[in-house]
Amino acid sequence: YADKDDVPDAYRLWMDVVLTKDHKYVFFPQETSGSEYDLYRIPYGKKNAEAEKVAKNVISYTVLSNNSFVYLNGDGKLYLSNLKDDEKIDSNVSSYQISEDKKQIIWITEDDKDIYVQDIKLAKDKIKVASEIENIKTYTADFSQILVLEEDEVVLYTDLKDKTKICDSSVGLDYYVDGND
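Examining the sheet that holds strand 6 (residues 78-81)
Item 1. With respect to topology, 7 strands assemble into an open sheet ordered 1-2-3-4-5-6-7, the strand pairing being antiparallel. Taken across any chain shown, the strands that pair with only one partner, and hence form the sheet edges, are strand 1 (18-19) and strand 7 (86-90).
Item 2. Relative to strand 5 (residues 68-73), strand 4 (residues 52-65) runs antiparallel, the two being bridged by 6 bridges. Bridging from a neighbouring strand, serine 60 pairs with leucine 72 of strand 5.

Okay, structure coming up:
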């Protein structure tokens, strides 16, 4: 499947099973209704271990370590969880991504189409990168460069602040960014 959204629900849930990097725990979804699910964690390889519910009404999640993960719920709220407390990152979120080194998070708000970036520990304030974007086309692993479509312009944001207009139209850009021949 080219797009995760095209995957049938039963297969999508299986794809969302995550074994932690140190192989101690498995995070897995259990569907509750429609596209939302409850998220569970269970010790890996232990017989008769019981699964622990760690979040509910989840749409997507990313495991950061054994005891922490980020998740987006069906109400559009984005959280950082350490299994004891869920700290709300933002509301009205349509999607998010975690940097490759798992030190930063980027997200888009639903109504205003704003892009924000913040350190994953939430120690610093979030940075508003752009407003009223149509979508993010691509970005570097550390979010130092973010290519977005704003109205009919393709814009490159560098170091979360410097804005460079790339072109007036996105014609053919999807073809290039997706890496197709």
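A word on the packing of aromatic side chains
Item 1. Across all of its chains, the model carries 8 aromatic pairs by this definition.
Item 2. Measuring from ring centre to ring centre gives 6.4 Å for phenylalanine 27 and tyrosine 61, while their planes differ by 35°; the resulting arrangement is tilted. Of this pair, phenylalanine 27 sits in strand 2 (residues 25-33) while tyrosine 61 sits in strand 4, placing them 34 residues apart in sequence.
Item 3. Aromatic rings pair up to connect Phe27, Tyr37, Tyr61, Phe69, Tyr71 and Tyr79 into one cluster.
Item 4. For lysine 126, the ring lying beneath its charged end belongs to tyrosine 116, and the centroid distance is 4.5 Å.

What about the nonpolar core?
Item 1. Counting residues in each nonpolar core, the largest one holds 24 residues, and the members touching the most others are Tyr61, Val70, Leu78, Tyr96 and Ile105.
Item 2. Sorting the residues of this core by element identifies strand 3 (36-43), strand 4, strand 5, strand 6, strand 8 (93-98) and strand 9 (104-109) as the ones contributing at least two each.
Item 3. With 5 residues, strand 4 is the largest single contributor of residues to this core.
Item 4. Apart from residues lying up to four places away in sequence, tyrosine 61 is in contact with Asp16, Val17, Val18, Phe27, Phe28, Pro29, Tyr37, Leu39, Val70, Tyr71 and Tyr96.
Item 5. Ranked by size, the runner-up nonpolar core spans 13 residues in total, among them Ile108, Ile133, Val148 and Leu160.

Notes on a negative patch on the surface
Item 1. Among the surface-exposed residues, Glu110, Asp111, Asp112, Glu132, Glu134, Glu151 and Asp152 lie close enough to one another that they form a single negatively charged patch.
Item 2. The residue glutamate 110 is located in the loop between strand 9 and strand 10 (115-119) in this model.

Considerations on the layout of surface pockets
Item 1. Its boundaries defined by the atoms lining it, the second largest pocket holds a volume of some 170 Å³.
Item 2. What lines the second largest pocket is a set of 12 residues, among which Val18, Lys21, Val63, Leu64 and Lys102 lie closest to the centre.
Item 3. Only strand 1 and strand 4 provide two or more residues apiece to the lining of the second largest pocket.
Item 4. The element contributing the most residues to the lining of the second largest pocket is strand 4, with 5 residues.
Item 5. A per-class count over the lining of the second largest pocket returns 5 nonpolar, 4 polar and 3 charged.

Thoughts on the side chain of aspartate 90
Item 1. Along the chain, the position of aspartate 90 falls in strand 7.
Item 2. A relative accessible area of 13% means that aspartate 90 is categorised as buried.
Item 3. Engagement of the side chain of aspartate 90 in a polar contact is seen with the side chain of lysine 126, the distance being 3.2 Å.
Item 4. Look past the residues within four positions of aspartate 90 in its chain and what remains in contact with it is Gly76, Lys77, Leu78, Trp107, Thr109, Tyr116 and Lys126.

Some words on unusual backbone geometry
Item 1. Phi at leucine 83 takes a positive value of approximately 75°, unusual for a residue other than glycine.
Item 2. Take leucine 83: it is sitting in the loop between strand 6 and strand 7.
Item 3. Phi at aspartate 159 takes a positive value of approximately 55°, unusual for a residue other than glycine.

What counts, and at which threshold
- Position labels on residues start from 1 in each chain and follow its written sequence.
- Local features are withheld for residues below a pLDDT of 70 in this predicted model, meaning they are given only at 70 or higher, and side-chain atom pairs are given and counted only at 80 or more; totals for whole chains, interfaces and linings count all residues.
- Excluded from the side-chain calculation are hydrogens and water; included are all heavy atoms of the structure.
- Strands are treated as partners if at least two bridges between them are detected by DSSP.
- Counting from the N terminus, the helices are the DSSP runs of H or I reaching at least four residues and the strands are the DSSP runs of E reaching at least two.
- Only rings of Phe, Tyr and Trp enter the pairing, Trp through its six-membered ring, and a pair is recorded when the two centres are within 6.5 Å. The plane angle decides the type: under 30 degrees is stacked, over 60 is edge-to-face, the rest tilted.
- A positively charged side chain is recorded as over a ring if its NZ (Lys) or CZ (Arg) lies within 6 Å of the ring centre. The angle to the ring normal must also be within 35 degrees.
- Residues enter a nonpolar core if they are buried and are Ala, Val, Leu, Ile, Met, Phe, Trp, Tyr or Cys, with the set joined through side-chain atoms within 4.5 Å.
- Relative accessibility thresholds used throughout: buried, under 20% of the residue-type maximum; exposed, over 50%; partly exposed, between the two (1.4 Å probe, protein chains only).
- Any two residues having at least one pair of non-hydrogen atoms within 4.5 Å are treated as being in contact.
- Each patch is built from residues lacking any salt bridge and having more than 30% relative accessible area; the joining distance is 9 Å for like charges and 5 Å for nonpolar side chains (Val, Leu, Ile, Met, Phe, Trp, Tyr).
- Each accessible area is a Shrake-Rupley estimate made with a 1.4 Å probe; only the visible protein chains count as cover when residues are assessed.
- Salt bridge, as used here, is a side-chain nitrogen of Lys or Arg placed within 4 Å of a carboxyl oxygen of Asp or Glu.
- In this tally Asp and Glu are treated as negative and Lys and Arg as positive; neither His nor the chain ends contributes.
- By convention, the point assigned to a charge is CZ for Arg, NZ for Lys, CD for Glu and CG for Asp.
- Space inside and on the surface of the protein is sampled on a 1 Å grid over the protein atoms alone, with a cavity defined as a set of points where a 1.4 Å probe fits but cannot get out and a pocket as an open set with protein on both sides within 12 Å along at least 5 of 7 lines; lining residues have an atom within 4 Å of a point.
- Grid points are joined across faces, edges and corners, and a volume is the space filled by probe spheres set on the points.
- In the scheme used here, Gly and all other residues not listed as nonpolar or charged are polar, with Ala, Val, Leu, Ile, Met, Phe, Trp, Tyr, Cys and Pro taken as nonpolar and Asp, Glu, Lys and Arg as charged.
- Each polar contact in these results corresponds to two N or O atoms within 3.5 Å; when the atoms are within protein, one needs to be able to donate a hydrogen and the other to accept it, and residues that are neighboring in sequence are counted only if both atoms are side-chain atoms.

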